[in-house]
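# Residue-level structural notes
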Amino acid sequence: MSSNILEVKNLKTTFSSRKTSFNAVDGISFHVAKGETLGIVGESGCGKSVTSLSIMGLVKPPGTVSGDKIDFNGVNLLKLSKKEMRNLRGSKMGMIFQEPMTSLNPVYSVGDQIGESLKIHKKLKGKVLKEKVVDLLKQVGIPRPDEIYHNYPHQLSGGMRQRVMIAIAMACDPKLIIADEPTTALDVTIQAQILELMKDLQSKKGMSMILITHDLGVVSEVCDRLVVMYAGKVVETGPVKEVLRNPSHPYTKGLLASLPKKGHKEKRLNFIQGQVPAPINWGNGCRFADRCPYVINECHKSIPALVKVSDSQESACHLAVEGGERVNNDLIETAR
Ligand SMILES: Nc1ncnc2c1ncn2[C@@H]1O[C@H](COP(=O)(O)OP(=O)(O)O)[C@@H](O)[C@H]1O
Ligand SMILES: [Mg+2]
């Protein structure tokens, strides 16, 4: 048995129109170990959501998903039919999205919506079903669960709605939960509570989790390992503690430098100048080259491969070398 619940190898998600064709996700590989929380970070437009939709089989035509494999618990999801994927979602794989209001159905009570997958996948009904739903409401910290059971989504606050989403995602005891910016739409204090809840449930149930966020601060609170994405590619991976202590890729360094310092409320905005380039402007070199303070000639010519920089950390930068110095000024002087 593999120690990984998920292994993604060379995943490509392509969007084509008559005029253009590009890989929003461009040959990425990563894994999630059993019981682990993996963070996927990167600015808006880097391909994080497309990655999660690809794993869940939710990319809509004309988008196409290809690659070597998406191995989930020993099954290659790239080979499953639509029906088999539908069965898997909501039972073995749970999802939590950024905006609970758009994922919840406004005309059904929260109790009915949480019960839905239990009805379908676990064949529960009647009193047993209701008890299980009330228990789930309790587990996600919703007060007066018997009463809230009958409420509709619009009667709840944003934080409570996100708790309902978490209850739905967890209802059938999935092996993996994919949460895409689950706290981005919430107030800061509520954000912290929801993250705490997810962390707590994840460890209690021994589930694996992918937490997608643009916020490195969130990652440092909750995740074990980290995948940093930039313009459809993975640019750095490693254990969160190591990557945050010793980031290898200039993009990760930039993200880290943009975090607010402890005790300072203001975000240090725009530490990395410019924006993530649109796919039509990707060119042949490193996609971060135009924003990179360490750029050398080679960066405009070829895409750097992901290489090991330590036992557990990888970086896709022309200046990254195994076990050696990271991108620092000496190295840059030598490279120039
Ligand atoms: N359905 C789609 N059709 C065409 N392009 C898309 C579609 N969905 C996403 N994209 C493009 O794919 C890239 C990655 O998007 P996304 O995964 O949503 O980024 P992130 O979640 O990291 O902010 C962006 O350039 C976006 O415009
Ligand atoms: Mg997104």
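Read on for an overview of the structure. Bear in mind that the values here come from a model prediction, so they are computed numbers and not experimental data.

Below, the discussion takes up unusual backbone geometry. With an omega of 10 degrees, the peptide bond between P61 and P62 qualifies as cis. Structurally, P62 can be placed in the loop between α1 (48-55) and β4 (64-66). Backbone geometry at N73 places phi at a positive 55 degrees, although glycine is not the residue there. Within the secondary structure layout, N73 lies in the loop between β5 (69-72) and β6 (75-76). Given the relative accessible area of 29%, N73 is considered partly exposed. Although it is not a glycine, K123 adopts a positive phi angle of roughly 55 degrees. One can find K123 in the loop between α4 (110-122) and α5 (126-139).

Attention now moves to the site of ligand 1. Ligand 1 sits among F15, F22, A24, E43, S44, G45, C46, G47, K48, S49, V50 and P279. A distance of 2.6 Å is found between an oxygen atom of ligand 1 and a backbone nitrogen or oxygen belonging to G45. A distance of 3.2 Å separates an oxygen atom of ligand 1 from a polar atom in the backbone of C46. Bound to the protein, ligand 1 loses 60% of the 560 Å² it would expose on its own. Secondary structure elements with two or more residues in the shell around ligand 1: β2 (21-33) and α1. Ranked by residue count, the leading element in the shell around ligand 1 is α1, at three residues. Its residues placed into classes, the shell around ligand 1 shows six nonpolar, four polar and two charged.

Looking now at the sheet that holds strand β8 (residues 176-180). The strand order across the open sheet built from eight strands is β7-β8-β9-β3-β10-β11-β13-β12, with neighbouring strands paired in mixed fashion. Edge positions in the open sheet fall to β7 (93-96) and β12 (307-308), since each of these has one partner strand only. Judged from the five bridges that link them, strand β3 (residues 37-41) and strand β9 (residues 208-213) form a sheet pairing that is parallel. In the sheet register, V41 faces β9, and the bridge partner there is T213. Docked against the sheet, helix α8 (residues 188-205) engages β3, β7, β8 and β9, running at close to 160 degrees with respect to β9.

Before going further, it helps to spend a moment on α5. Count 3.6 residues to each turn of an α-helix, and residues three or four apart come out pointing the same way. The terminal C-alpha atoms of α5 lie 20 Å apart, and with 14 residues this matches the ideal 20 Å at 1.5 Å per residue to within 8%. Every buried residue belonging to α5 is among L129, V133, V134, L136 and L137, and all of these are buried. End-on view of α5: buried residues confined to an arc of 155 degrees, all on one side of the axis. Exposed residues pointing more than 90 degrees away from the buried face of α5 are listed as K127, V128 and K138. Among the structural elements, α4, α6 (145-148) and α7 (158-170) are those in contact with the buried residues of α5. Just beyond α5, the residue with positive phi is G141, at close to 75 degrees.

Calculation notes
- Residues numbered from 1 in each chain as written.
- Chains lettered and ligands numbered in written order.
- Predicted model: local features only at pLDDT ≥ 70, side-chain atom pairs only at ≥ 80, totals over all residues.
- Heavy atoms only, no water.
- Helix = DSSP H or I, 4+ residues; strand = E, 2+ residues; numbered from the N terminus.
- Buried < 20%, exposed > 50% of the residue type's maximum accessible area, 1.4 Å probe, protein only.
- Near = heavy atom within 4 Å.
- Polar contact = N/O pair within 3.5 Å; in protein donor to acceptor, adjacent residues only side chain to side chain.
- Areas by Shrake-Rupley, 256 points an atom, 1.4 Å probe, with all protein chains shown as cover.
- Nonpolar A, V, L, I, M, F, W, Y, C, P; charged D, E, K, R; others polar.
- Pairing = 2+ DSSP bridges.
- Contact = heavy atoms within 4.5 Å.
- Axes fitted to C-alpha atoms, helices over the stretch in contact; angles between N-to-C directions.
- Expected span 1.5 Å × (residues − 1).
- Arc of directions from axis to C-beta.

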